[in-house]
Amino acid sequence: MSDFDAIDSLLDAVGPQAELPACDVRRELRERARLSKAQVARALGVSPSTLSGWESGRDPAGEARAKYAYLLDGLNAKLATDTENRPEPAEQPMASGAAAEDVTSTSSPGSGRGEDEVELLAVPEPCVLCGRPAGQRVAGFAQHLTPADCRPTATEAPAAEQPAPQAPQAPHAVQAPHAPQAPLGTARPAGAAARSRGPARRAFQEPSGPVDLIREAVQGALGEHQGDVDAATAALVKRAIPDAMRLLDVTRKGARYDVIAHPWIPDILKKQTARGADQIWEARPKWTRHELPPGRHQVTALDINGAYLSALKTHLPLGRLEHSTGLAHDRRRSGVHLITPPEWEHEAVLPNPIGQRDEPGPLWVTEPTLRLLLRLSGPKHQLCDPPQIHESYTSGATENLLEKFRIALKDARDTAIEQGDTVTLEYVKAMYSKFVSTMGESNYNRELYRPDWMHLIRSQAFANLWLKALKAHDEGLAVVRAMGTDELHVIGDWRRVFAEGRAVTEVKVKDTYTAGSDVAEHADEGE
Amino acid sequence: MPGKNIDFGRFGARGIKGSDAVARKLDELAGGIATPVTAKRGWMARLHYLTKSTPTLKAAQDAGLTVTHRTLKAWLEGKRRPSKTSLERIEQAYRTVRRRYVARHLLRRLNRDGRGTRVEIHPLNQSQVPQQLQRVVEYRTMNVRRWDRIVGSWAAGDHQSLDAAWQDTIVDLGSQWGQYEYVTNVGFAA
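Analysis parameters
Residues numbered from 1 in each chain as written. Chains lettered and ligands numbered in written order. Predicted model: local features only at pLDDT ≥ 70, side-chain atom pairs only at ≥ 80, totals over all residues. Helix = DSSP H or I, 4+ residues; strand = E, 2+ residues; numbered from the N terminus. Contact = placed C-beta atoms within 7 Å. Nonpolar A, V, L, I, M, F, W, Y, C, P; charged D, E, K, R; others polar. Core = buried A, V, L, I, M, F, W, Y, C linked by C-beta atoms within 7 Å. Buried ≥ 20, exposed ≤ 12 C-beta atoms within 10 Å, placed from the backbone. Arc of directions from axis to C-beta. Pairing = 2+ DSSP bridges. Axes fitted to C-alpha atoms, helices over the stretch in contact; angles between N-to-C directions. Parallel < 35°, antiparallel > 145°, perpendicular 65-115°, else oblique. Left-handed = near helix turned anticlockwise from the far one by under 90°. pLDDT = per-residue confidence, 0-100. UniProt positions renumbered as here; feature names shortened; annotations may be inferred.

As annotated in an unreviewed UniProt entry, chain B carries the name Transcriptional regulator and is attributed to Streptomyces griseorubiginosus.

Going by an unreviewed UniProt entry, chain A carries the name Dihydrolipoamide succinyltransferase and comes from Streptomyces griseorubiginosus.

This is the structure we're talking about:
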């Protein structure tokens, strides 16, 4: 018989696939709810890159699809209710007071099961079922314990008239929490039940900490200058460096690794003279195509948004850099390397990945440049020979050291763009750009002496730009120029390759101009 | 004192005294003339600094620059060059006077109105120690609130009292403080 049960359950599973909104709607819903990809991916049990795929064209299938559809449904309903009717604050104390009594009465029978613990919340959080403030949390989800409190909201009124007992309906039960007196959802997998408990999995929580810090600083400055936008911006830009350091401290709260601010630094990373540079080559691209394809062309100068902000995600060495010679590249370590770069034979169509180097011979490059070269020499691209590594100063590395810091700034930036808030935008820009430029041996920021990080982050920005040039080239556009950190000139229909917009993943048009074989020097116009 | 190292480096550990690392860092923070004293530009700049005012000249004389005004004048006018021993004295006097003058400002910045400065202590290097004798010595940080004794003895050039002051400070690391008597680096900002 059990064979037939299995077949039956299979047959049950085969049904109409859950409907999903369009890709950009999926992303927009998530961003409006202020949820990071990592958060959502964890809740769905997939990797963040899979989620990125879902948000940019691919479609999930099977159980993951059902979960994802449920999440998007919930987000949609929640955001709709948030904008339509906010709960009146007057009824909160009453609701939580009544709820507290409910707990005392219901927890004694419920405690025998030992499955779900009811936590009392000091500050009411929105119930996951109805969105109104609830005073208890069960299995990490704030919710009402009795159906009477859990009143349906205006938007979902017809669908869920008596929500609480039936709310964890069969297809949705994988995600929906359940009140202690309700029967345990059978469709809910055991793994999900075990994982969904605990404070880490609270859905729809207000973002706290880093982003609030930025918002408070902006509001404080605006209040201090009586709403004078220019004065407030100037004041905020002036204190951007200490504020960025404070933000970094806040985002590293409870983190695994310390930010080591004053390690021993090898001589190659020290400035030779007061005005001079150290010996690290950052591989800044400065390339203009020698010969355009024949004919006249419309060239578009694209600008990569927030190049340094995105480059904060790079493999940063944690501790003191240690010297090694003649070892192969170790993916778990990061630092600076003395390499002999390979010959570059595609100068006519693509910039050299190590930049415009005039001197021949070995040079000190950073981790992002080396990784780029290794990647290009790999089986997928085969654009050059692998570089020869002679010496390295490396340390154990992580990509996540500045990740929370970056996401806080990115979120603040996205919100500011959405709301047309120029003060926050300028402030965020000053924070990340000054943070990067003063984290080395600068006297403007003495709390962090990491010239290695500064070089790595810059090189990462250059490598990101280079990879965008490669992407354009692979998609059939003609790359005309790659300059600095964020400037890419292309010929062709670039809109099918890059999305246009102001988010960090998108590009914006700086300039368009025509160039062609009869006007050879015209490419200089797009400065 | 218990916890102190008796024969440091016997099994191959490498490092410098914590107080030396602190003095080095303070010297770095104090800054000063970068050109070496052996170059004309270097000793001239030092002499200009030392003869800028009567109190500095007095301080320089106290610090060992015991030459007559006639000699000083000849040096400053470029008629004569200081001898090798005089150059050493100039350097010594310059460092002493500079430290004394900078110490005031440095101390205020380090104390930060009683909030203190975060200090990073990078443990000694055990890479040359046999495997079975290596110990887990972690990277530590601490907040130092009172810098008066440390900066004071550094400014006076008194290594012994600087060492004593630093030891009294790192005792706050807890029972493991003896492991941090020798370090690779001590980092802080002012």
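A.B. asks: When you look at the overall build of chain B in this model, what are you seeing that I'm missing?
C.D. replies: Along the backbone of chain B there are 7 helices and 4 strands. Along chain B, helices and strands appear, N-terminal first, in the series β-α-α-α-α-α-β-β-α-α-β. Of all intrachain contacts in chain B linking residues separated by at least 6 positions in sequence, the fraction that spans at least 24 positions is 76%.

A.B. asks: Looking at this model, I keep getting lost on the interface of chain B and chain A. Mind explaining?
C.D. replies: One frequently used descriptor of interface size is the decrease in accessible area upon assembly of the parts. Tallying the contact residues gives 10 residues for chain B and 11 residues for chain A. Sorting the residues of the side of chain B that touches chain A by element identifies strand 2 (117-123) and strand 4 (182-187) of chain B as the ones contributing at least two each. Of the residues forming the side of chain B that touches chain A, the biggest block, 3 residues, is contributed by strand 4 of chain B. The class makeup of the residues in the side of chain B that touches chain A is 5 nonpolar, 4 polar and 1 charged.

A.B. asks: For this particular structure, what's the right way to read the environment of A:Val504?
C.D. replies: Positionally, A:Val504 belongs in the loop between strand 13 (487-491) and strand 14 (507-516). Note: C-alpha distance between A:Val504 and A:Gly306 (198 residues apart in sequence) is 5.6 Å.

A.B. asks: Explain the nonpolar core to me, please; I cannot follow it from the model alone.
C.D. replies: Counting 83 residues, the largest nonpolar core has A:Tyr432, A:Ile457, A:Leu465 and A:Ala469 as its most contacted members. Ignoring anything within four residues of it in the chain, the contact list for A:Leu465 reads A:Pro285, A:Ile304, A:Ala307, A:Ala482, A:Thr485, A:Asp486 and A:Leu488. With 24 residues, the next largest nonpolar core counts B:Leu110, B:Leu124, B:Leu162 and B:Val186 among its residues.

A.B. asks: Please clarify how helix 10 (residues 229-238) of chain A should be interpreted in this entry.
C.D. replies: Residues separated by three or four positions in an α-helix point in the same direction, a consequence of the helix having 3.6 residues per turn. Residue and element names in this part refer to chain A. Listing the buried residues of helix 10 in full gives Ala 232, Thr 233 and Leu 236. Seen from one end, helix 10 has its buried residues packed into an arc of 100°, which puts them on one side. Within helix 10, the exposed residues directed more than 90 degrees away from the buried face are Asp 230 and Lys 238. Looking at the buried positions of helix 10, the neighbouring elements they touch are helix 9 (210-224), helix 11 (240-251) and helix 15 (422-438).

A.B. asks: I keep staring at the pairing of strand 13 of chain A and nothing clicks. Help me out?
C.D. replies: Regular strands show a simple pattern: their side chains alternate between the two faces of the sheet. Residue and element names in this part refer to chain A. Burial of strand 13 is extensive: 5 of the 5 residues sit out of reach of the surface. Alternating residues of strand 13 divide into Glu 487, His 489 and Ile 491 and Leu 488 and Val 490, and every residue in both groups is buried. In this sheet, strand 13 lies alongside strand 6 (residues 296-304) in antiparallel orientation, the contact comprising 5 bridges. The residue of strand 13 that forms the bridge with Thr 300 is Val 490. Bridge count for strand 12 (residues 478-483) against strand 13 is 5 bridges, and the pairing is antiparallel.

A.B. asks: What exactly am I supposed to notice about the packing of helix 10 of chain A against helix 15 of chain A here?
C.D. replies: Any two packed helices are characterised by the angle at which their axes cross and by the distance between the axes. Residues and elements named next belong to chain A. Interaxial distance between helix 10 and helix 15 falls to 9 Å at its minimum, and their mutual angle equals 20°. One way to sum up the angle between helix 10 and helix 15 is to call them roughly parallel. As helix 10 packs across helix 15, the resulting crossing turns out to be right-handed. Contact residues: helix 10 offers Val 229, Ala 232, Thr 233, Leu 236 and Val 237, while helix 15 offers Thr 422, Val 423, Glu 426, Tyr 427 and Ala 430.

A.B. asks: When you look at the confidence of the model for chain B in this model, what are you seeing that I'm missing?
C.D. replies: Low-pLDDT portions of the prediction should not be read for the details of their coordinates. Summing up the model confidence of chain B, the mean pLDDT is 92 and the portion of residues at 70 or higher is 98%. Reported confidence for the predicted complex is 0.77 by ipTM and 0.66 by pTM.

A.B. asks: Quick question: what am I supposed to make of the confidence of the model for chain A here?
C.D. replies: All names here are of chain A. Model confidence for chain A is summarised by a mean pLDDT of 79, while 74% of its residues fall at 70 or above. Predicted confidence in chain A is weakest over helix 6 (residues 91-111), with a mean pLDDT of 41, and strongest over helix 13 (residues 367-377), with 96. Low pLDDT, under 50, characterises residues 86-115; the stretch is placed with 33 contacts to residues that sit more than four places away or in other chains. Note that residues 152-199 has pLDDT below 50 and, in this model, 75 contacts with residues that lie over four places away or in other chains.

A.B. asks: Before we go on, may I ask you to explain the environment of A:Arg27 in this structure?
C.D. replies: All names here are of chain A. Examined against the element boundaries, Arg 27 turns out to sit in helix 2 (residues 23-32). Using a count of 19 C-beta atoms within 10 Å as the deciding quantity, one classes Arg 27 as partly exposed. Residues Arg 27 and Ser 52 lie 25 residues apart in sequence; the distance between their C-alpha atoms is 8.7 Å.

A.B. asks: Explain the sheet that holds strand 4 of chain B here, please?
C.D. replies: Neighbouring strands of a sheet are bound in pairs by backbone hydrogen bonds; such pairs are parallel or else antiparallel. Residues and elements named next belong to chain B. Read across the open sheet, the 4 strands follow the order 1-4-2-3; overall the sheet is antiparallel. Pairing within the sheet leaves two strands with one partner each, and these edge strands are strand 1 (16-17) and strand 3 (140-144). Packing against the sheet, helix 1 (residues 18-30) makes contact with strand 1 and strand 4, and its axis sits at approximately 25° to strand 4.

A.B. asks: Before we go on, may I ask you to explain the UniProt feature "domain: HTH cro/C1-type" (unreviewed entry) in chain A in this structure?
C.D. replies: UniProt's entry tags residues 27-58 of chain A with the feature "domain: HTH cro/C1-type" (unreviewed entry), counted in the numbering of this structure. As a span, residues 27-58 of chain A carries 69% helix and 0% strand, and end to end its C-alpha atoms are 13 Å apart.

A.B. asks: Would you mind going over the sheet that holds strand 12 of chain A with me for this structure?
C.D. replies: Residues and elements named next belong to chain A. Taken in spatial order, the 5 strands make up an open sheet running 5-12-13-6-14, and their pairing is antiparallel. Looking at strand neighbours, the two that pair on one side only are strand 5 (286-288) and strand 14, the edges of this open sheet. Looking at each pair of strands side by side, their axes are set apart by 25° on average, direction ignored. Alignment of strand 5 against strand 12, held across 3 bridges, turns out to be antiparallel. Note that in strand 12 the partner of Lys 286 across the bridge is Met 483. Relative to the sheet, helix 16 (residues 451-474) contacts strand 6, strand 12 and strand 13, its axis offset from that of strand 12 by approximately 170°.

A.B. asks: Can you help me understand the packing of helix 11 of chain A against helix 15 of chain A in this one?
C.D. replies: Residues and elements named next belong to chain A. One way to put it is that helix 11 packs onto helix 15 with a least axis distance of 8 Å and a crossing angle of 85°. Between helix 11 and helix 15, the crossing angle belongs to the class labelled roughly perpendicular. Listed contacts from helix 15 to Ala 240, Ile 241, Asp 243 and Ala 244 of helix 11 are Tyr 427, Ala 430, Met 431, Lys 434, Phe 435 and Thr 438. For the contact of helix 11 with helix 15, a count of residues per class yields 7 nonpolar, 1 polar and 2 charged.

A.B. asks: I would appreciate a short explanation of unusual backbone geometry in the present structure.
C.D. replies: A negative phi holds for most residues other than glycine; trans holds for most peptide bonds. Residues and elements named next belong to chain A. Notably, Gln 226 is not glycine yet its phi reads approximately 50°, a positive angle. By the element assignment, Gln 226 lies in the loop between helix 9 and helix 10. Residue Gln 226 is classed as exposed on the basis of its C-beta count, with 8 C-beta atoms lying within 10 Å. The phi dihedral of Gln 382 falls on the positive side, at around 50°, and the residue is not glycine. According to the C-beta neighbour criterion, Gln 382 is exposed, with 9 such atoms within 10 Å.

A.B. asks: Before we go on, may I ask you to explain the environment of A:Gly57 in this structure?
C.D. replies: All names here are of chain A. With respect to the helices, strands and loops of the structure, Gly 57 is situated in the loop between helix 4 (48-55) and helix 5 (62-84). Take Gly 57: there are 9 C-beta atoms within 10 Å of it, and that puts it in the exposed class. Along the sequence, Gly 57 and Cys 23 sit 34 residues apart, while their C-alpha atoms lie 5.9 Å from each other.

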